[in-house]
Amino acid sequence: MDLNTLNLIVDIGNTRSKLALFKGSKLLKKEFVTDLSVDDLIHFTTNQNIGKAIFSNTGNLPIAIKEFANSAFNPIWMSHELGLPIKMDYHTPHTLGKDRIAAVTGAFEKFPGKNCLVIDAGTCITYDWLTKEGRYLGGNIAPGLTMRLRAMHEFTAALPLVEPGAVSDPIGKSTQEALKNGAVWGTFKEIEGYIDWGIEKFEDLSVVFTGGDTDFFVRNIKREIFADLDLVLTGLNKILKFND
């Protein structure tokens, strides 16, 4: 294997995609792209010595992207059927989100020998449990902040749509405050409840946040937690190397 080649990691979402280059286990470059195109891939990889590649699509995959990727990079396509460095206790792995598999794999890489609770805070909030031996136990899915606020607006006749934000007083003094507090304060307590349960059940627990709302929660959750916005990319790179 040429030690000077780079690993190309592409994580395709519904509206936003992440592109990254790794040399071994080191992240060298990353970029976020809205509505990924073939031109974006060409621009990102021009003058780069790509040796291996992995593509993961949680959103819709345009045919043009797939055809170009296959011809230009001959990539591995992320799937639960790939070999994984972690052991799977999930009963329906074919229904498990590729980003969740990648995130816990990333935690296994970044926090070796640790029991981990991986919290991916995005459109939905996922809570995934990984033992220090590398066994994925499973996890739960809950609505994210924006989804909670939109649901209260869209499934009622009179409640307004409120943007998430910091809570100054846990008791709302207006309907706007009551809606925001219900979503935000409720999510805080949900997260803290998972963390407290995990600390009781697992010794030496590491709580790792990733996803778009990470910064908001890390600033407001009063627990010892880690933030790693590159956890999914790290996991995909680990899976790529494992399947070399």
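Calculation rules
- Residues numbered from 1 in each chain as written.
- Predicted model: local features only at pLDDT ≥ 70, side-chain atom pairs only at ≥ 80, totals over all residues.
- Heavy atoms only, no water.
- Helix = DSSP H or I, 4+ residues; strand = E, 2+ residues; numbered from the N terminus.
- Expected span 1.5 Å × (residues − 1).
- Buried < 20%, exposed > 50% of the residue type's maximum accessible area, 1.4 Å probe, protein only.
- Contact = heavy atoms within 4.5 Å.
- Phe/Tyr/Trp six-rings, centres within 6.5 Å; stacked < 30°, edge-to-face > 60°.
- Pairing = 2+ DSSP bridges.
- 1 Å grid on protein atoms, 1.4 Å probe; cavity = no way out; pocket = protein on both sides within 12 Å on 5 of 7 lines; lining within 4 Å.
- Points joined across faces, edges and corners; volume = space filled by probe spheres on them.
- Nonpolar A, V, L, I, M, F, W, Y, C, P; charged D, E, K, R; others polar.
- Axes fitted to C-alpha atoms, helices over the stretch in contact; angles between N-to-C directions.
- Parallel < 35°, antiparallel > 145°, perpendicular 65-115°, else oblique.
- Arc of directions from axis to C-beta.

## Observations concerning helix 3 (residues 98-110)
Its 13 residues give helix 3 an end-to-end C-alpha distance of 18 Å, which sits within 8% of 18 Å, the value for a rise of 1.5 Å per residue. Burial in helix 3 covers these residues: R100, I101, A102, A103, V104, T105, G106 and A107. Lining the buried residues of helix 3 we find strand 6 (87-88), strand 7 (115-121), strand 8 (124-130), strand 9 (135-143) and helix 7 (231-242).

## Regarding the packing of aromatic side chains
Counting across every chain of the model gives 13 aromatic pairs. Judged by centre distance (6.1 Å) and plane angle (75°), the rings of F188 and F217 are edge-to-face. Here F188 is found in helix 5 (residues 175-201), whereas its partner F217 is found in helix 6 (residues 214-220), with 29 residues between them in sequence. No difference in accessibility class separates F188 from F217, as the two residues are buried. A ring pair is formed by W197 and F202, whose centres lie 6.3 Å apart and whose planes are at 75°; its orientation type is edge-to-face. Given the relative accessible area of 43%, W197 is considered partly exposed. A connected cluster of aromatic rings, assembled from ring pairs, spans F55, F68, F73 and W77.

## Some details on the side chain of T210
As for its placement among the helices and strands, T210 is situated in strand 10 (residues 205-210). The class for T210 is buried, based on a relative accessible area of 2%. Excluding residues that lie within four positions of it along the chain, T210 makes contacts with I119, D120, A121, D228, L229 and L231.

## Concerning the sheet that holds strand 6
Each strand in a sheet pairs with its neighbour through backbone hydrogen bonds, running either in the same direction (parallel) or in the opposite one (antiparallel). The 6 strands are arranged 6-9-8-7-10-11 in an open sheet whose pairing can be described as mixed. Of all strands in the sheet, those with a lone pairing partner are strand 6 and strand 11 (226-227), marking the two edges. Here strand 6 runs beside strand 9; their pairing, made up of 2 bridges, is parallel. Looking at the pairing, M88 lines up with Y136 of strand 9.

## Quick notes on unusual backbone geometry
Leaving glycine out, the prevailing phi sign among residues is negative, and the prevailing peptide bond configuration is trans. Positive phi is not limited to glycine here, since N47 has a value of about 65°. By secondary structure assignment, the location of N47 is in the loop between helix 1 (38-45) and strand 4 (50-57). When its relative accessible area of 79% is taken as the criterion, N47 is described as exposed.

## Comments concerning the layout of surface pockets
For the largest pocket, the calculated volume is near 890 Å³. If you go around the largest pocket, you meet 26 residues; those closest to its centre are D99, D120, G122, T123 and G212. Of all elements in the fold, only strand 1 (6-12), strand 2 (16-23), strand 3 (26-34), helix 3, strand 7 and strand 8 reach the threshold of two or more residues within the lining of the largest pocket. Residue composition of the lining of the largest pocket, by class: 7 nonpolar, 11 polar and 8 charged.

## Re the packing of helix 1 against helix 2 (residues 63-73)
Look at helix 1 against helix 2: their axes get within 9 Å of each other, and the N-to-C directions meet at 30°. Here helix 2 runs roughly parallel to helix 1, going by the angle between their axes. Contact with helix 1, carried on its side by V38, L41, I42 and T45, involves A64, I65, F68 and F73 of helix 2 and no other residues of that element. Tallied by class, the residues present in the contact of helix 1 with helix 2 amount to 7 nonpolar, 1 polar and no charged.

## Thoughts on helix 4 (residues 145-154)
Every buried residue of helix 4 is listed here: L145, R148 and L149. The buried residues of helix 4 occupy an angular sector of 95° when projected down its axis, which confines them to one face. Tucked into the core, helix 4 has its buried residues touching strand 8, strand 9, helix 5 and helix 6.

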